[in-house]
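# Secondary and tertiary structure notes
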2 protein chains.
Amino acid sequence: LDYQHVQVPFEITLWIMLASLAKIGFHLYNKLPSVVPESCLLIFVGLIMGGIIYGLNDRSPPVMDSDIFFLYLLPPIVLDAGYFMPSRPFFENIGTILLYAVVGTIWNVFGIGFSLYGICQVKAFRLQDVSLLHNLLFGSLIAAVDPVAVLAVFEEIHVNEKLHILVFGESLLNDAVTVVLYKLFRSFCEMPTIKSVDVFAGVGKFFVVGLGGVLVGLSFGFTAAFTTRFTKDIRVIEPLFVFLYSYLSYLTAEMFHLSGIVAIISCAMGMKRYVEANISLKSHTTVKYFMKMWSSVSDTLIFIFLGVSTIGENHEWNWPYICFTVIFCLIWRALGVLVLTFFVNRFHVNTITSKDQFIIAYGGLRGAICFSLVFLLPDFHRKKLFIAATTVVILFTVFVQGMTIRPLVDLLAVKRERESAPTVGEQIHIRFLDHLLAGIEDISGHWGQYYWKDKLEYFNSKYLQKILLREYDQPKSSIVLLYEKLERKHAIELAQAGQLGHGLAHPSFLSSDRTVITEQKLEDTPNPDVLDNMQEILARNLYRIRRTGPAYNRHTLPGDSEPSERAKEILILRHKSL
Amino acid sequence: LDYQHVQVPFEITLWIMLASLAKIGFHLYNKLPSVVPESCLLIFVGLIMGGIIYGLNDRSPPVMDSDIFFLYLLPPIVLDAGYFMPSRPFFENIGTILLYAVVGTIWNVFGIGFSLYGICQVKAFRLQDVSLLHNLLFGSLIAAVDPVAVLAVFEEIHVNEKLHILVFGESLLNDAVTVVLYKLFRSFCEMPTIKSVDVFAGVGKFFVVGLGGVLVGLSFGFTAAFTTRFTKDIRVIEPLFVFLYSYLSYLTAEMFHLSGIVAIISCAMGMKRYVEANISLKSHTTVKYFMKMWSSVSDTLIFIFLGVSTIGENHEWNWPYICFTVIFCLIWRALGVLVLTFFVNRFHVNTITSKDQFIIAYGGLRGAICFSLVFLLPDFHRKKLFIAATTVVILFTVFVQGMTIRPLVDLLAVKRERESAPTVGEQIHIRFLDHLLAGIEDISGHWGQYYWKDKLEYFNSKYLQKILLREYDQPKSSIVLLYEKLERKHAIELAQAGQLGHGLAHPSFLSSDRTVITEQKLEDTPNPDVLDNMQEILARNLYRIRRTGPAYNRHTLPGDSEPSERAKEILILRHKSL
């Protein structure tokens, strides 16, 4: 037995396997996930696993490594979120989202930091040695809403699209603020004196970190789109480029201390429409499938690891500090949302209702990002207190808020997601209004979102598309694409029901009356009608030669290299039969 | 700049990127790959990269780590080979393949080992210090034909299926023999005295390593199939199980010192038909695509690394030894093939022609497995000589044999791959004959391959399918599946040509006359016919409400959760219009 040799990949594979099996397990019993969010169940599984490891080894189970989290587990989730981000509501609400993400997060950091410092002054709690800077540092890591936790809960409760995008967008974009504040306070903690220059440099960093992330992301995104122009002869590696370039954008941003999350989201949103137009349909299915698969698994692993890492002796249980942390997190978030929404509503016709405000405040879940950041703190004597407080806040938000938010949404009758997507008619109408509004804004000299959207679209079709798309494969208007998609789907359904071209083949023949054709039972089926039927179908559909199982080749998928001659032949033959 | 932090994933991503871009580059210029095999070009790229690294650092570039090769690069290639293995020719020739793989490899090991020992006795060559055991050890690592190199060359020359499967099958199955002999001689080298018991134990190990690999593989394969029974509600993680279980089978086999290659091939071949029946069509596309993608990339990386590792100062250039190694490799392989084929032909009606024998002997390419094994040798004073000899043998076989095999195949007019796969009529005939022969074998009491195949098929349909397949999703006869596939394809083509259901929509409307519908240019198209056309199509096809862009959800792909109601509605509506 040579376990050492295969240990690393073996254990990784086993963890992923555990995560996948846990997911299957939950879905087998449908009642459980409808009451408890999956994230809670997964943390629970993690707690049990951690307990077992603790019981067997009699020492703390290994905590989730921050490097593993930030380098391997987080990127797939954020990539998936960015790639499937509904861009219209996102850009319509970008102002509000940025306000919540930047001003809201700063508000929370300083609110929580200063009020916890106040608590530390109470002598009875024995916390006088925690300095203001340490409290602010703690505030900076505990204030940020976590995209992984928010996604896991909000995708199950189906609130209306605007509310969803507000909370979700904030959780993604606040990464830039968190990165800056966390690193700023951490370096302040290590500095002997703080000059006012440093503070101003910190403010400047916001823009560098955020905009730098966007720039890095977009440049990698466009390079990815450009690369897929040349993959026509080697379709199998097309999906790879989508993953490689987005991951590189994340790593590059992290390398330059920019916001990796912002970078990977810009990269995914920037490349999506061009890559989709360049790569083949099967490649695109693979890209989508793999993104969903990876993010599902990462997400599952994160929650399980959260549970496992909770067990152990890394904690200092100073309950006053921990309880006040939870309370301040709730209070400051609620206040922040109230104040910011007040200003937002003054400048918008389509206001955010008070019910929505409550859900935004209540949906501020904390998760694995805080957890990883607290472990990354430099060693000092109260680190274990911070770890304990962070753990409790995460468990409180995920369990208590995560489990009660669905009943609350029902109780408050918060406006839900539209049951049905816009019809084709509505879509045409929306498009028409966009152009109309762009015209009105242009005439009135108001540079609003429609004006910019129109300009971007012009720039896109004039320059970007020419560089990034293959000539003969220009993107079609979305309505034509939709129509083609529906046609294709319909055609497949027709084919499956056996109603294509030949009315004689009744569906049962194709799907259930299988015994007719398996030769083993040929003698058991004396029905001559069905046999005649089969002969007729085969006779009508047999054209020259059909390729079924091509020989093994590493670089092509079976059936990829079908010559177009044959396709034409089918078309002609079928057209006649119709 | 914080490069340390992201170094590992960043460099891995960059290597993969280099490999992918090299692949695209070769395919852009079609002339090059038609003369030189891709593997040679990749080694050449690697040599240049290695030269650059050597020039910049003034020291040997890092060699390919054997662990990385065996744990991460080899499994995807073998998995792909096993999953797409054409099972019929493989099992029809399994006896011959095993003979070549087991007896042929042993013949080569001892032939090369003993004759090199003879060369070492020539005083002029100054090689007297290389013992017989060391020569045998070297023989055991240099004798085995490499699946990666064989695949890379043979998939480009399109010889007939039987010839292909003989060389390819041998290269896969000789792994068990190589593992046993290599480990045996390595332990003998370290032992002070060798008892006869050890030799017998070595012979017994053959069976343990090979059959153990098959057992491990099959058990993981069936577990994978069983697991996919329960993934109906969570389609996105289906592809994951295929990869996880096959990788686990490989690692488990390696852990117990069994043959990992044999295990992963058995796993892939065992699970394929059940997994295919259980998982959704899109999942299956993803599985196939990702396997091809991974194996392509691994293969590319291996050849590039081979090139990079060649540069440097790891070599001891004793030319007599090196040249005789190349010569003996060629001679002993040719002799082995001649002798073994003589016996094979005596027992078969369908003999192996002398042209085929020449190609089998000439196609015995060596590759990265030898290379990794030679670096895994324990340190002794002549290790660098072995490394040099291995490098030269690999470069000679890949460049000289790899580049001349295609002209030779043309020159000898070796029987090529059938241009066309069997027609439906032929397929029915083949099936019929299988059953007939099984009956004849049964009556005559001869337990031949048809008898066993029939028994296996019975066992499969009686027990295995019931356990491993979901009830409502039973596999159909392959001919029905083929028919459905052709129907589906035809339907998609019809839909793309716009000939489905409504004769009015002429194809140009859907594909090229895009300007009609993009609203920006609406005023430029005064053609009322086309507009009427469009209105009519929309009016006819609009039914209740169409879902186009569902909200973001991590666990489902857009359009997955389409209610079947709507599909029915389309069907009814369309049926009327037909």
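Residues numbered from 1 in each chain as written. Chains lettered and ligands numbered in written order. Predicted model: local features only at pLDDT ≥ 70, side-chain atom pairs only at ≥ 80, totals over all residues. Heavy atoms only, no water.

Chain A appears in an unreviewed UniProt entry as Sodium/hydrogen exchanger from Chloropsis cyanopogon. The UniProt entry for chain A carries this comment under Sequence similarities (unreviewed entry): "Belongs to the monovalent cation:proton antiporter 1 (CPA1) transporter (TC 2.A.36) family." In its Subcellular location (unreviewed entry) section, the UniProt record describing chain A reads: "Cell membrane". (UniProt positions renumbered as here; feature names shortened; annotations may be inferred.)

## Overview of the overall build of chain A
Of regular secondary structure, chain A possesses 23 helices and 0 strands. By residue count, 53% of the 578 residues in chain A fall in the buried class. Relative to all contacts within chain A whose residues are 6 or more apart in sequence, the contacts with residues 24 or more apart total 81%. When the accessible surface of chain A is totalled, it reaches about 25,800 Å², and 65% of it is carbon and sulfur. (Helix = DSSP H or I, 4+ residues; strand = E, 2+ residues; numbered from the N terminus. Buried < 20%, exposed > 50% of the residue type's maximum accessible area, 1.4 Å probe, protein only. Contact = heavy atoms within 4.5 Å. Areas by Shrake-Rupley, 256 points an atom, 1.4 Å probe, with all protein chains shown as cover.)

## A look at the packing of helix H6 (residues 94-120) of chain A against helix H14 (residues 319-346) of chain A
All names here are of chain A. At their nearest, the axes of H6 and H14 sit 8 Å apart, and the two run at 145 degrees to each other. For H6 against H14, the interelement crossing comes out right-handed. For the contact of H6 with H14, the per-class residue count stands at 18 nonpolar, 8 polar and 1 charged. (Axes fitted to C-alpha atoms, helices over the stretch in contact; angles between N-to-C directions. Left-handed = near helix turned anticlockwise from the far one by under 90°. Nonpolar A, V, L, I, M, F, W, Y, C, P; charged D, E, K, R; others polar.)

## So, helix H3 (residues 38-57) of chain B
All names here are of chain B. With 20 residues, H3 extends 28 Å from end C-alpha to end C-alpha; this agrees with the ideal 28 Å at 1.5 Å per step. Every buried residue belonging to H3 is among Glu 38, Ser 39, Cys 40, Leu 41, Leu 42, Ile 43, Val 45, Gly 46, Gly 50 and Ile 53, and all of these are buried. Against the buried residues of H3 lie helix H1 (3-28), helix H2 (31-35), helix H8 (147-157), helix H13 (281-310) and helix H17 (383-412). Count one or two residues on from H3 and you reach Asp 58, which has phi positive near 60 degrees. (Expected span 1.5 Å × (residues − 1).)

## Let's talk about the environment of Val 103 of chain B
Residue and element names in this part refer to chain B. Tracing the sequence through the fold places Val 103 in helix H6 (residues 94-120). Overall, Val 103 belongs to the partly exposed group, its relative accessible area being 39%. Sequence separation between Val 103 and Leu 340 is 237 residues, and the spatial gap between their C-alpha atoms is 8.3 Å. In contact with Val 103, not counting residues within four places along its chain, are Leu 98 and Leu 340.

## Some remarks on a nonpolar patch on the surface
A cluster of nonpolar residues, Leu 28 and Tyr 29 of chain A together with Phe 226, Phe 230, Leu 456, Phe 459, Tyr 463 and Ile 467 of chain B, forms a patch on the protein surface that exposes about 830 Å² of accessible area. Here the nonpolar patch takes 4 residues from helix H19 (residues 449-468) of chain B, the largest share from any one element. Relative to the assigned elements, Ile 467 of chain B resides in helix H19. Owing to a relative accessible area of 44%, Ile 467 of chain B belongs among the partly exposed residues under this scheme. (Patch = residues over 30% accessible without salt bridge, like charges linked within 9 Å, V, L, I, M, F, W, Y side chains within 5 Å. Salt bridge = Lys/Arg side-chain N within 4 Å of Asp/Glu carboxyl O.)

## A short note on H6 of chain B
Here H6 of chain B contains 27 residues, and its C-alpha end-to-end distance of 38 Å stays within 8% of the 39 Å for a straight helix at 1.5 Å per residue. Where H6 of chain B bends most, at Gly 104 of chain B, the angle is about 30 degrees. (Bend = angle between axes of the 7 residues up to and from the residue.)

## Considering the domain arrangement of chain A
Residue and element names in this part refer to chain A. According to the domain assignment, chain A contains domain 1 (64-412) and domain 2 (427-479). Using C-alpha coordinates to define each centre, domain 1 is positioned 31 Å away from domain 2. The partner domain 2 presents 16 residues to the 16 residues of domain 1 that form the contact. Interface area lost by domain 1 to domain 2 is led by Arg 88, Arg 229 and Tyr 274, which between them contribute 42%. Here domain 1 is connected to domain 2 by 2 salt bridges. One salt bridge connects Arg 273 with Glu 457, and the closest N-O pair in it is separated by 3.3 Å. For the pair domain 1 and domain 2, the interface holds 3 residue pairs in polar contact (both at pLDDT 80 or more). The set of elements that each furnish at least two residues to the side of domain 1 that touches domain 2 consists of helix H5 (87-92), helix H10 (196-227) and helix H12 (260-278). (Domains from an automatic or database assignment. Buried area = accessible area lost by both parts, 1.4 Å probe. Polar contact = N/O pair within 3.5 Å; in protein donor to acceptor, adjacent residues only side chain to side chain.)

## Quick look at the environment of Gly 221 of chain B
Mapping Gly 221 of chain B onto the fold places it in helix H10 (residues 196-227). Residue class for Gly 221 of chain B comes out buried when judged on its relative accessible area of 0%.

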